Amino acid sequence: MKKPIFFLITIALIVFWWFPTIRFIQNSDTRFLTLIQQFRFNPGKAPPLLASDKITGDFVTKYNNLGIIAVRFNTFNRINNDTLTFRLKEKGQSDWFYQNNYKTDQFQPNQLFPFGFPIISDSKNKTYIFEIQSQNGKADDAVAISR
């Protein structure tokens, strides 16, 4: 008689654990096994990035294996045709560690866009400088850093 009750309780516990876990993973801006270090970057008024405009910032990592920096962009609820150049280097270095161009037509309104780069295995407690530069943004065809 105890086996059916034990079985039902076990199934109920699994269900009550499984559904919240799945909802958490689905609603997360990041992946389940990713270490997150958030920092607030205050771009001021956050105007659109026009051609040659740059946003620069720096941060200190808490973890090793830095490989992604995700930034929230305001697309002004339109598809934009600009190209942004993302650059990253360790503070004190003269050369950029990583640089790549990204089309803004793939950015989603106020969602994190991941700038991925080769993993920096010994990044813990180091300061990194990033730069995001518009290549050809125009008044009605540009993105901004999301506030």
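Placed above this text is the structure.
Now for a quick tour of the structure. Since this is a predicted model, take the numbers as computed values, not measurements.

Reading guide: rules and limits
- Residues numbered from 1 in each chain as written.
- Predicted model: local features only at pLDDT ≥ 70, side-chain atom pairs only at ≥ 80, totals over all residues.
- Heavy atoms only, no water.
- Pairing = 2+ DSSP bridges.
- Helix = DSSP H or I, 4+ residues; strand = E, 2+ residues; numbered from the N terminus.
- Buried < 20%, exposed > 50% of the residue type's maximum accessible area, 1.4 Å probe, protein only.

### Examining the sheet that holds strand β5 (residues 112–120)
For step 1, the next point in the chain: Reading across from one edge, β5-β2-β7 is the order of the three strands in this open sheet, with antiparallel pairing throughout. Two strands lie at the open edges of the sheet, namely β5 and β7 (144–145), each paired on one side alone.
For step 2, the next point in the chain: Of the pairings in the sheet, the one linking strand β2 (residues 66–74) to β7 comprises two bridges and is antiparallel in character. Along β7, the bridge assignment pairs N74 with A144.

### Thoughts on the pairing of strand β3 (residues 83–90)
For step 1, the next point in the chain: Of all the eight residues making up β3, seven are buried; the element is thus mostly covered by neighbouring parts of the structure.
For step 2, the next point in the chain: Pairing analysis gives six bridges linking β3 to strand β4 (residues 98–103), with the strands arranged antiparallel. In the sheet register, T83 faces β4, and the bridge partner there is K103.
For step 3, the next point in the chain: With seven bridges joining them, β3 and strand β6 (residues 127–134) adopt antiparallel strand pairing. Pairing of T85 across the sheet is with Q133, part of β6.

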